[in-house]
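Structural overview
Below, each chain spelled out in residue letters.
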Amino acid sequence: MSDPFTTSPAASRFLRYVTFDTRSDEHSTSSPSTEGQLVLMRALVDELRAIGISDAALDDYGYIMATIPATIQKDVPVIGLIAHVDTSPEMSGRNIRPILHERYDGRDLVLPDDPSAVLRLSENPELGDQMGHDIITASGSTLLGADDKAGVAEIMAAAEHLMTHPEIPHGRIRIAFTPDEEVGLGTAHFYITRFGARFAYTLDGGSRGDLEIENFSADAMTLTFHGVNFHPGWAKDRMISALKLAAEFVHRLPRNGLSPETTEGYEGYVHPHLLHGAVERATIKILLRDFRTGGLAEKARMLSHLANEVIRPYPAASVEVHVEESYRNMKDVLDRHPEVVEHAKEAIRRCGLTPRMRPIRGGTDGARLSYMGVPTPNLFAGEHNLHSRLEWVSVQDMDKAVEVIVQICRRWAE
Ligand SMILES: [Zn+2]
């Protein structure tokens, strides 16, 4: 089979980037977590310099920062463009063989390395918007890595376009390529001051036109039940099993709502995801999620009340409640800077698309950056079926994302 070829500047970069194995590793203690990410990073620095971005540099933690100089004198805010180079460790990312399926017409896309890996329109309704487009998939045994090499390729293509068209008016643009997003460390060593952007956009979203401006607020709760242990042969009326208290607590959690398996859209949940218990002591770890930050405290109170109900019949038992902040909804920050979202919406419209806002049922690096002082919504990059061997992206969506980036840079300069 010949190498896939496309005339799209973003997609042709993308086809190259996905062949780098950049899986991050949650068990690693180094930054970045894997050497493979650095290999791609070094190649990206060379490519940035080749298009004339002379200050492109890779730091010791595996972050690239680079500048597209302003083309106008006017004082406009510095805007950042961000994407992550790592891919999810959940799925093999070695020897990725991208396949270009030209002029999609609704047919089944069979991935050659595994005949059971078939991308069907009936199971992927979003393919319905892709008629006539060119779809890129992996070959069936690995993920593709569109998350987030699509974003990386789009930023690179937009940077090249801006560097070769100095007649396009825009302010100073900063680019950051980050490691380890998939293991939750994408902002761990992000040097905000050196980045120097006032506002930024991550390119790490789905369908064309999508603009993500709100995500869960999240806390992590730990409940520790303390029981009373005795030799089981002589335990009558004396033993209190912490393990059974914990089980009783889990049993009494709401069934028809407030759980990941029964909620969607803007609904929050409480999610016990780990139970570690013995007679003396049992610990439950619970994720609290709500789009309203205030809703987290309500959920924590509800659970704490429930835990106390469970131990009430046993005066010798006790429960400790500990709540730790995980991340917060970026909307609370973005609402104070409406122009960040407005300019993105207007740029999307200027590219002939309808902006579509969807709540993210998780956290993003942009949310963390927003709370670090750089309001950062997430733009579509064309990624679908993330972390799966059925991952796909369309060439035409990638081109649209490049157009949107260029329009955003223009918009901020108006
Ligand atoms: Zn991503």
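Before reading on, note that the structure itself is shown above.
Now for a look at the structure at hand. Keep in mind it's a predicted model, so treat the numbers as computed, not measured. (Residues numbered from 1 in each chain as written. Predicted model: local features only at pLDDT ≥ 70, side-chain atom pairs only at ≥ 80, totals over all residues. Heavy atoms only, no water.)

In this section: the sheet that holds strand β3 (residues 79–84). Pairing between the strands of a sheet comes from backbone hydrogen bonds, and it takes one of two forms, parallel or antiparallel. If you walk across this open sheet you meet the eight strands as β1-β2-β8-β3-β9-β16-β10-β15, and the pairing is mixed. Each end of this open sheet is capped by a strand with a single partner; those strands are β1 (57–58) and β15 (356–357). Pairing between strand β10 (residues 210–212) and β15: two bridges, direction parallel. From the neighbouring strand, L211 faces β15, where its bridge partner is M357. Taken strand by strand, helix α3 (residues 146–164) contacts β2 (64–68), β3, β8 (173–178), β9 (199–205) and β16 (378–380), and its axis lies near 145° from that of β3. (Pairing = 2+ DSSP bridges. Helix = DSSP H or I, 4+ residues; strand = E, 2+ residues; numbered from the N terminus. Contact = heavy atoms within 4.5 Å. Axes fitted to C-alpha atoms, helices over the stretch in contact; angles between N-to-C directions.)

Sheet analysis places strand β12 (residues 269–277) next to strand β13 (residues 281–290), joined by eight bridges and oriented antiparallel. What sits directly across from Y269, in β13, is R289. The turn linking β12 back onto β13 is made up of three residues.

In this section: the nonpolar core. Counting residues in each nonpolar core, the largest one holds 71 residues, and the members touching the most others are F14 and F177. Excluding anything up to four places from it in sequence, F177 contacts M41, L44, L48, G62, Y63, I64, A83, V85, V152, I155 and M156. (Core = buried A, V, L, I, M, F, W, Y, C linked by side-chain atoms within 4.5 Å. Buried < 20%, exposed > 50% of the residue type's maximum accessible area, 1.4 Å probe, protein only.)

For the rest of this paragraph, the subject is the coordination of the zinc ion. The expected angle between donors at a tetrahedral four-coordinate metal is 109.5 degrees. At an octahedral six-coordinate metal it is 90 or 180 degrees. Surrounding the zinc ion are the protein donor atoms H84 (NE2), D147 (OD), D204 (OD) and D204 (OD), which sit 1.9 to 2.5 Å from the metal. Classification of the site at the zinc ion as irregular follows from its four donor atoms and the range of 54 to 142° in their angles at the metal. Look at where the donors of the zinc ion fall in the sequence and you get H-x62-D-x56-D. Linking H84 in strand β3 with D204 in strand β9, this pair joins segments that are 120 residues apart in sequence. Using a relative accessible area of 2% as the deciding quantity, one classes H84 as buried. (Donors = N, O, S within 2.8 Å, 3.2 Å for Na, K, Ca; no water. Tetrahedral: all angles 85-135°; square planar, octahedral: opposite > 155°, others 65-115°.)

The next point concerns the layout of surface pockets. Gaps left between atoms are located by rolling a probe of water-molecule size over the structure's atoms. When its volume is computed, the largest pocket comes out at roughly 820 Å³. Lining the largest pocket are 40 residues, and of these D147, E181, D204, G363 and L386 sit closest to its centre. Sorting the residues of the lining of the largest pocket by element identifies β3, α3, β9, β10 and α9 (365–371) as the ones contributing at least two each. Element by element, the count of residues in the lining of the largest pocket is highest for α9, at four residues. (1 Å grid on protein atoms, 1.4 Å probe; cavity = no way out; pocket = protein on both sides within 12 Å on 5 of 7 lines; lining within 4 Å. Points joined across faces, edges and corners; volume = space filled by probe spheres on them.)

Here a ring pair, both rings aromatic, is described through the centre-centre distance and the interplanar angle of the planes. Enumeration according to the criterion identifies seven aromatic pairs in this entry. When the centroid spacing of 5.1 Å and the interplanar angle of 20° are considered together, the rings of F199 and W412 count as stacked. A residue pair is termed long-range when its members are at least 10 positions apart, and F199 in strand β9 and W412 in helix α10 (residues 395–413) qualify at 213 residues. Neither residue differs from the other here; F199 and W412 are each classed as buried. Here Y266 and F291 contribute two aromatic rings whose centre-to-centre distance is 5.2 Å and whose plane-to-plane angle is 65°, an arrangement assigned as edge-to-face. Of this pair, Y266 sits in the loop between α5 (242–251) and β12 while F291 sits in the loop between β13 and α6 (293–311), and the two are 25 residues apart along the sequence. (Phe/Tyr/Trp six-rings, centres within 6.5 Å; stacked < 30°, edge-to-face > 60°.)

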